[in-house]
Amino acid sequence: MPLIKVEIISDVICPWCYIGYRTLQKAIFLYQKTYPGGSNDTIEVWWKPYFIDQEAPKESSLIQDRMLRRMDPKMVDAAQTRLKRVGAGVGIHFKFGGYIGSSRLAHQLLYMAARESSELQCTVSELLFHYQFEKEADISQLDTVVEVGVQARLREEDVREWLAGDVGVTELGDEAKKARADGVKGVPHFVIGGRYHLEGAVDISELFEAFVKVREGN
């Protein structure tokens, strides 16, 4: 059974990463439905860390306020309108009334989920995005991250113990630095089969073509 490995270098406070993952899911479905023998192929997805904020903010702020630091009000309105429009096309209902802060705890949870399986890590990642951008929950907060872990069927006691013990902090920092050193300048950044790199708001066809290239050994 052929295996195609996909790595997503991503930050869970990036709305385009949420859109990128939904696009990837559609591309995987299309590939397995239409490519000859694709239904027998395994496409394994793993998440790798990237910190948009290289220095973690000390406290959360309203998403609106964070965006206004970089854009004027008209640009913020246009950006949110676009995200809502594009998100709706992949089943995401963006809301921007919540708070946003450091993604460190969320990445720790992803790191711990990866120890069990790529499937669990994907479940956790999608839940983190959902909480931040659809439930307007602040995933920089410990209780929110613990709730996500429990939703993913992890034991609350285990999650709290892992996070209190700083599991994976050093490794996550090293991986995020390596991504920047390797030239990753923005997220989402997809690495297909260890060879093909796609960055940003890619479409289904680009991902599909990368799967085919890996499958055919090109």
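Here the structure is a predicted model, which means the values were calculated and not measured.

Peer 1: Which residues make up the pattern of salt bridges, and what are the values?
Peer 2: Applying the stated criterion across every chain yields a total of ten salt bridges. Ionic pairing is found between glutamate 7 and lysine 5, a salt bridge with its closest N-O pair at 3.7 Å. Of the charged contacts, one joins glutamate 157 and arginine 155 as a salt bridge, the two residues approaching to 3.7 Å between their closest N and O atoms. Several salt bridges converge on common partners, so that one network encompasses Asp143, Glu156 and Arg160.

Peer 1: Account for the layout of surface pockets, naming residues and giving values.
Peer 2: If you roll a probe as big as a water molecule over the atoms, it shows you where there is empty space left. Quantified by volume, the largest pocket comes out at close to 420 Å³. Together, 17 residues line the largest pocket, and Ile13, Pro15, Arg66, Met67 and Arg70 are the ones closest to its centre. Only helix 1 (15–34), helix 2 (63–68) and helix 3 (73–89) provide two or more residues apiece to the lining of the largest pocket. Here the lining of the largest pocket is built from residues that sort into 13 nonpolar, no polar and four charged.

Peer 1: How would you summarise the side chain of threonine 144 if you had to cite specific residues and measurements?
Peer 2: Within the secondary structure, threonine 144 sits in helix 6 (residues 142–151). Here threonine 144 falls in the buried class, since its relative accessible area comes to 14%. Those residues within four positions of threonine 144 in sequence are excluded, and the remaining contacts are Tyr131, Ala137, Asp138 and Ile139.

Peer 1: Could you give an account of the packing of aromatic side chains, with specific residues and numbers?
Peer 2: Here the structure, examined in full by the defined rule, presents nine aromatic pairs. Pairing tyrosine 18 with phenylalanine 129 gives two aromatic rings, centres 5.1 Å apart and planes at 10°, and the pair type is stacked. Pair noted here: tyrosine 18 is in helix 1 and phenylalanine 129 is in helix 5 (residues 118–133), with a separation of 111 residues, a long-range link. Centre to centre, the rings of tyrosine 31 and phenylalanine 208 are 5.9 Å apart; their planes meet at 65°, and the pair counts as edge-to-face. Residue tyrosine 31 is located in helix 1, and its partner phenylalanine 208 is located in helix 9 (residues 204–216); the two are separated by 177 residues in the primary sequence. On the basis of relative accessible area, tyrosine 31 is assigned to the buried category, the value being 0%. On the basis of relative accessible area, phenylalanine 208 is assigned to the buried category, the value being 18%. Grouping aromatic residues by their ring pairs yields a cluster made of Tyr18, Tyr21, Trp47, Phe94, Phe96, Phe129 and Phe133.

The rules behind the values
- Residues numbered from 1 in each chain as written.
- Predicted model: local features only at pLDDT ≥ 70, side-chain atom pairs only at ≥ 80, totals over all residues.
- Heavy atoms only, no water.
- Salt bridge = Lys/Arg side-chain N within 4 Å of Asp/Glu carboxyl O.
- 1 Å grid on protein atoms, 1.4 Å probe; cavity = no way out; pocket = protein on both sides within 12 Å on 5 of 7 lines; lining within 4 Å.
- Points joined across faces, edges and corners; volume = space filled by probe spheres on them.
- Helix = DSSP H or I, 4+ residues; strand = E, 2+ residues; numbered from the N terminus.
- Nonpolar A, V, L, I, M, F, W, Y, C, P; charged D, E, K, R; others polar.
- Buried < 20%, exposed > 50% of the residue type's maximum accessible area, 1.4 Å probe, protein only.
- Contact = heavy atoms within 4.5 Å.
- Phe/Tyr/Trp six-rings, centres within 6.5 Å; stacked < 30°, edge-to-face > 60°.

It is worth stressing that arrangement in space is one thing and function is another; only the former is reported here.
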